[in-house]
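Chain by chain, the residues run as shown.
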Amino acid sequence: MKLRTKALALAMTAAAGISLAAPAAARDTISIVGSSTVYPFATVVAERFGSNTEFNTPKLESTGSGGGMKLFCQGIGTQHPDITNASRRMKTSEFELCQKNGVTDITEFRIGSDGIVIASSKDAENLNLTLEQLFLALGEKVPVDGKWVANPNKNWSDIDAGLPNKPIRVMGPPPTSGTRDSFNELALAAGCDKLPEAKDLSKDEHKAICESIREDGVFIEAGENDNLIVQKLISDTGMYGVFGFSFLEENADRLQAATLDGMVPTAEDIAADKYPVARSLFFYVKKAHVGVVPGIAEYVGEFASNSALGQNGYLKDVGLIIPPRDQLAVLMDKAENMPNLTIDELK
């Protein structure tokens, strides 16, 4: 009842102060866009929500985190999405775009964790890499004799004689993906920072060099569907893939994870932020649509519920690394009160 009361109050506010951009037709189904990593978890919640309530099952599109943010921030009105999923936090530039387009009231929900893995078929030669070696394999530019040059490394063994003497071939997500953003920041940049030459880079040079993946065919973009990467790895033992830990767990009988900085990814280490490429997962709610498009507050309540995100919740069963109890309590409070995200929180 509290959620319904809150939804009604928000609906009255929206009706009083915000025009939901005619000529868009009224909509009775929640529209959700965004991250391919969050997509399977949100789909499970949406299906349960549609089955167990009087509301329609929300419509989900896997557009990637960046693509979802662009759609979400285009404006207020039922022609625009109500919720966007993200496998990294909203950027300040995205927050500013939302504000510019009238999407001023946004609530952020951190729903759990995921790790980014380097994986291959169980029939392939597994990798044992440092983050530095990973950068030297995939960075667009690497230092040679003190100068940053186009990456000359063709085989893994060009980086270290102890690595496989076979071509570097890695398939991963495109630039619109939150997984790509997180990989660039948490894996590539971290590996770059281990090189002495990185210390002399300016802030702009650091971003341009340390977070840029080579474009000479070694890294192959696979679109927003991580399942396509999984299928390719199973059929090609010379290929390695970059995707979220949940997809590795789903295919544990066929895939193996590389060791990164001495660690094989586990749910426990990712949840504790011990695994070097762990990241948080989010969704964002457009508050002006709450109470206008039916069911948004109730969907949020379902996602933040103990039955979904608790220690025995159904999202844990499908591979989400759930938040600790204290963080779940914060989520539940957010679902009730829908506090506004501020730009200071993103800095």
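Sequence order as written defines the numbering, with residues in each chain counted from 1. Selection of residues for local features in this predicted model requires a pLDDT of at least 70, selection of side-chain atom pairs for listing and counting requires 80 or more, and totals for whole chains, interfaces and linings are taken over all residues. To obtain the side-chain values, all non-hydrogen atoms of the structure were used and water was disregarded.

Named according to an unreviewed UniProt entry, the protein chain is Phosphate ABC transporter substrate-binding protein, PhoT family originating from Marinobacterium iners DSM 11526.

## Here we look at helix α8 (residues 226–235)
Within the span of α8, buried status applies to Asp226, Ile229, Val230 and Leu233. Seen from one end, α8 has its buried residues packed into an arc of 100°, which puts them on one side. Turned more than 90 degrees away from the buried face of α8, the exposed residues are Gln231 and Ser235. By definition in these notes, contact holds between two residues if any of their heavy atoms fall within 4.5 Å. Each helix is a run of DSSP H or I of at least 4 residues and each strand a run of E of at least 2, with the numbering of both proceeding from the N terminus. The inward-facing, buried residues of α8 abut β4 (106–121), β8 (170–172), β10 (240–244), α9 (245–250) and β11 (255–257). Remark: exposure states derive from per-residue accessible area (1.4 Å probe, protein chains only) relative to the maximum for the residue type, with buried under 20%, exposed over 50%, and partly exposed in between. As used here, the arc belongs to the directions running from the helix axis to the C-beta atoms.

## A word on the confidence of the model for the protein chain
Known as pLDDT, the predictor's confidence for each residue is given on a scale from 0 to 100. Averaged over all residues, the pLDDT of the protein chain is 91; the fraction at 70 or higher stands at 93%. Long-range and interchain partners of residues 1–5, a stretch whose pLDDT sits below 50, account for eight contacts in this model, where long-range means more than four residues apart. When the criterion is pLDDT under 50, residues 11–24 qualifies, and its contacts beyond four places in sequence or with other chains add up to 19 contacts.

## With respect to the state of the cysteines
Put simply, a disulfide is two cysteine sulfurs that come within 2.5 Å. All told, the structure shown has two disulfides when counted by the stated rule. Sulfur-sulfur distance for the disulfide between Cys73 and Cys98 comes to 1.9 Å. Looking along the S-S bond of the Cys73-Cys98 disulfide, the torsion reads about -75°, which is the left-handed sense. Here Cys73, found in the loop between α3 (65–72) and β3 (83–86), pairs with Cys98, found in helix α4 (residues 92–100); they are 25 residues apart in sequence, far enough to count as distant. Considered together, Cys73 and Cys98 belong to a single accessibility category, that of buried residues. Residue pairing for Cys192: its cysteine sulfur links by disulfide to Cys210, the two sulfurs lying 2.1 Å apart. Placement of the pair is Cys192 in helix α6 (residues 178–192) and Cys210 in helix α7 (residues 203–210), with a sequence separation of 18 residues. Relative accessible area serves as the criterion here: at 0%, Cys192 is assigned to the buried category. We classify Cys210 as buried; its relative accessible area is 0%. In the protein chain, the bonded cysteines, numbered by position in the sequence, are linked as 1-2, 3-4.

## Some details on the packing of helix α2 (residues 39–52) against helix α11 (residues 296–303)
Angles here are taken between N-to-C directions and fall from 0 to 180 degrees, while the axes themselves are lines fitted to C-alpha atoms, restricted in helices to the stretch in contact. α11 packs onto α2 with a crossing angle of 120° between their chain directions and a minimal axis gap of 10 Å. In this view, α2 runs oblique relative to α11, as classed from their interaxial angle. The hand of the α2/α11 crossing is right-handed. Taken together, the residues of α11 that come into contact with α2 (itself represented by Ala42, Val45, Ala46 and Phe49) are Glu298, Tyr299, Glu302 and Phe303. Nonpolar residues are Ala, Val, Leu, Ile, Met, Phe, Trp, Tyr, Cys and Pro. Charged residues are Asp, Glu, Lys and Arg, and all others, Gly as well, are polar. Here the residues of the contact of α2 with α11 sort into six nonpolar, no polar and two charged. Angular relationships are summarised with four words: roughly parallel below 35 degrees, roughly antiparallel beyond 145, roughly perpendicular across 65 to 115, and oblique for the angles in between. Each helix crossing is assigned a hand: it is left-handed if the near helix lies turned anticlockwise from the far helix by less than a right angle, otherwise right-handed if that turn is clockwise.

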